[in-house]
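Listed below are the residues making up each chain.
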Amino acid sequence: MNTALTLSVGLAAQNSIGHYWHRITDRTFAGMYHANAFDMAMMIPYFIVLFVLAVYGLHRYWLVYDYFVYSKNVPPDPPPVADWPRVTVQLPIFNERYVIERLVEAVSRFDYPFELLDVQVLDDSTDETCEVARACVERHAAQGMPIVYIHRANREGYKAGALENGLKTAKGEFIAIFDADFLPEPDFLRRTIPYFMNPDGGGKIGMVQTRWTYLNSDYSLLTNVETILLDGHFVVEHGARSRRGTFFNFNGTAGVWRRKAIDDAGGWEHDTLTEDTDLSYRSQLKGWKFLYLPQIECASELPVDMNGFKAQQARWAKGLMQTAKKILPKVWKSDAPWHVKAEAFFHLTANISYPLMVLLSTMLLPVMIVRFQQGWFQMLLIDLPLFLASTCSISSFYLVAQRELRPKSWQRTFLYLPFVMATGIGISVRNAQAVIEAILGKKSEFARTPKFKIEGKQGTFAKKSYRNKAGWIPYAEVLLGIYFSFTVVYAILNENYATVPFLLLFVWGYLYTGCMSLGQTYFARLRFGVNAPEMRPATSGAPGF
């Protein structure tokens with residue numbers, strides 16, 4: 001990629017500005033080019049795809065606008081609580097032998113009255129996690145912690161099924177949920193429960209969501225990119241939707257539900273892979289209000305291997321599209337305001353951009369060839385606004401999030417933006433497959449995200465279990481990367497230097513995700529951006545965008 005960029009700059013420097021101005025303004029062959037049927041067959045789908053992507057890009061701008069315009073619409077601090085309610089803490093796990101003890105230890109440090117706590121370890125594991133989790137629960141129970149171990153012999157309904165099964169014996173008026181890789185602070189319940197108890201509207205609150213932070217953001221280039229991606233979601237998306245009063249979703253963990261809101265919405269259902277979003281929309285359609293509290297943080301572990309990251313992103317992409325098919329008809333028929341319905345549509349269908357991105361990728365080279373005779377002016381006049389709407393909106397989206405969270409160091413995000421955009425392009429093949437499967441109604445298992453108890457820059461997942469398989473997708477990504485390398489060469493040879501940086505994002509994105517997926521299948525220590533520690537065996541016994 002560096003060689004191609006250097007070659008592009010070098011060739012561009014050999015030509016004067018007047019040379020390019022002549023190319024743009026030369027009218028010698030004006031009117032001689034006439035598009036034929038083949039040209040139109042290529043360009044019409046191309047512009048349709050680019051236009052749809054631009055519309056979703058403009059929606060990102062709209063979220064940024066809402067985030068600032070409604071900045072004063074944040075929940076005030078609730079009054080002190082005199083009579084604390086009973087809370088059930090649910091810890092759903094599946095084959096989590098590296099992190100289950102860390103999670104239970106964190107929950108044991110809650111400064112909430114133990115007589116009002118009811119902790120459930122909901123274990124669907126099929127490996128030695130069962131013994132590790134059971135021993136951990138027995139040890140803490142012997143020390144006075146109100147904790148029980150519930151194991152299911154089958155994974156019916158996956159996580160949603162485990163949560164629903166736990167509700168059968170749950171005693172709490174409120175339900176706090178934490179995934180295995182999260183580490184809630186001791187004051188988590190003390191800070192969240194008061195919002196439900198607020199005499200001024202607290203009785204209408206059905207769910208409170210807190211903001212994720214990350215234990216291993218600086219572990220590698222991938223985890224830095226994941227941090228920026230997730231921060232954009234938690235700062236701008238959640239912030240804009242909650243401030244505007246539109247629907248937003250529970251993120252599956254690090255949040256607290258009112259038990260009545262779950263029951264009123266029909267309980268947990270497992271016909272989608274994003275049971276949290278599904279329940280969130282059903283609950284809000286019933287009139288329950290949600291609160292987002294970004295000032296309350298909950299640490300988590302980011303996926304450190306590319307295959308695990310792609311599996312997570314594909315599950316979210318497929319689940320949201322499944323939820324869109326299930327929920328959007330109900331949203332349209334509801335009495336919700338138009339802006340709530342519009343935001344629900346963009347939220348739940350946003351992942352349609354992935355198959356469109358793959359389609360756009362395959363069309364770029366033939367469209368460049370077809371449009372060679374059209375001149376630069378026409379391409380700039382038509383393509384540039386669409387490009388700015390669909391691509392630059394991503395930059396503003398994530399820059400705003402980083403500036404809000406890190407006002408003193410947010411400028412470093414500029415260095416990561418090319419990698420953020422390239423990674424988004426690189427995972428488009430896997431996510432496109434997931435979205436198409438959802439549209440066609442193809443069911444699939446709940447692919448969990450492996451956790452390896454990696455904190456900070458230390459640790460490795462070499463020789464540890466639970467890694468996702470690469471499959472055939474990485475080979476397709478590598479082929480697309482090579483394909484775009486030829487596209488870069490074609491652009492340089494035809495002096496179309498302005499497109500080279502954009503095309504290099506596709507080259508890097510597809511080659512990075514593809515090669516990392518294949519490389520980490522055989523060399524688990526492979527990563528970029530840090531010095532990898534010496535590989536060592538995993539510890540025995542009883543580990544995140």
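Reading the values: the criteria
Residues numbered from 1 in each chain as written. Predicted model: local features only at pLDDT ≥ 70, side-chain atom pairs only at ≥ 80, totals over all residues. Heavy atoms only, no water. Helix = DSSP H or I, 4+ residues; strand = E, 2+ residues; numbered from the N terminus. Buried < 20%, exposed > 50% of the residue type's maximum accessible area, 1.4 Å probe, protein only. Lys, Arg positive; Asp, Glu negative; His and termini not counted. Salt bridge = Lys/Arg side-chain N within 4 Å of Asp/Glu carboxyl O. Contact = heavy atoms within 4.5 Å. Pairing = 2+ DSSP bridges. Right-handed = clockwise from strand over helix to strand, strands pointing away. Axes fitted to C-alpha atoms, helices over the stretch in contact; angles between N-to-C directions. Parallel < 35°, antiparallel > 145°, perpendicular 65-115°, else oblique. Nonpolar A, V, L, I, M, F, W, Y, C, P; charged D, E, K, R; others polar.

Novice: Describe the side chain of Arg315, and please don't skip the residues or the numbers.
Specialist: Positionally, Arg315 belongs in helix H11 (residues 306-333). Although Arg315 lies buried, it forms no salt bridge, and the closest oppositely charged side chain, Asp179, sits 6.4 Å away as judged by the N-O distance. Once residues lying within four places of it in the same chain are set aside, the contact partners of Arg315 are Leu273, Thr274, Phe446, Ala447, Arg448 and Thr449.

Novice: With reference to specific residues and values, describe the pairing of strand E3 (residues 147-151).
Specialist: In this sheet, E3 lies alongside strand E2 (residues 117-123) in parallel orientation, the contact comprising 5 bridges. Residue pairing for E3: Gln120 is matched across the bridge by Val148. A crossover links E2 with its parallel partner E3, the connecting element being helix H5 (residues 129-142), and its sense is right-handed.

Novice: Which residues make up the pattern of salt bridges, and what values do they have?
Specialist: For the structure on display, the rule yields 22 salt bridges. For Arg102, the salt bridge is made with Glu301, and the minimal N-O distance between the two is 3.1 Å. Residue Arg102 is found in helix H4 (residues 100-108), and its partner Glu301 is found in the loop between strand E8 (289-300) and H11; the two are separated by 199 residues along the sequence. There is no split in this pair, since Arg102 and Glu301 are both buried. Taking the shortest distance from any N to any O, the salt bridge between Arg282 and Asp278 comes out at 3.1 Å. Remark: Asp278 and Arg282 occur in helix H10 (residues 275-285); sequence separation between them is 4 residues, near one turn of the helix. Taking relative accessible area as the criterion, Asp278 reaches 0% and is therefore assigned buried. Sharing partners across several salt bridges, the network here consists of Glu269, Asp271, Asp278, Arg282 and Lys326.

Novice: Outline H10, listing residues and values.
Specialist: Extensive coverage of H10 is indicated by the burial of 10 of its 11 residues. Of all the positions in H10, only Glu275, Asp276, Thr277, Asp278, Leu279, Ser280, Tyr281, Arg282, Ser283 and Gln284 are classed as buried. If you follow the buried residues of H10, they end up packed against helix H6 (158-167), strand E7 (255-258), helix H9 (259-264), E8, H11 and helix H12 (338-349). Just past H10, the residue Gly287 takes up positive phi, approximately 105°.

Novice: Any chance you could break down the packing of H10 against H11 for me, citing the residues and the numbers?
Specialist: Running from N to C, H10 and H11 point in directions that differ by 10°, and their axes come no closer than 10 Å. Here H10 is positioned roughly parallel relative to H11, judged by the angle of their axes. Counting all contacts with H10, which are made through Thr277, Asp278, Tyr281, Arg282 and Leu285, the residues of H11 involved are Leu320, Thr323, Lys326, Ile327, Lys330 and Val331. Residues belonging to the contact of H10 with H11 are distributed by class as follows: 5 nonpolar, 2 polar and 4 charged.

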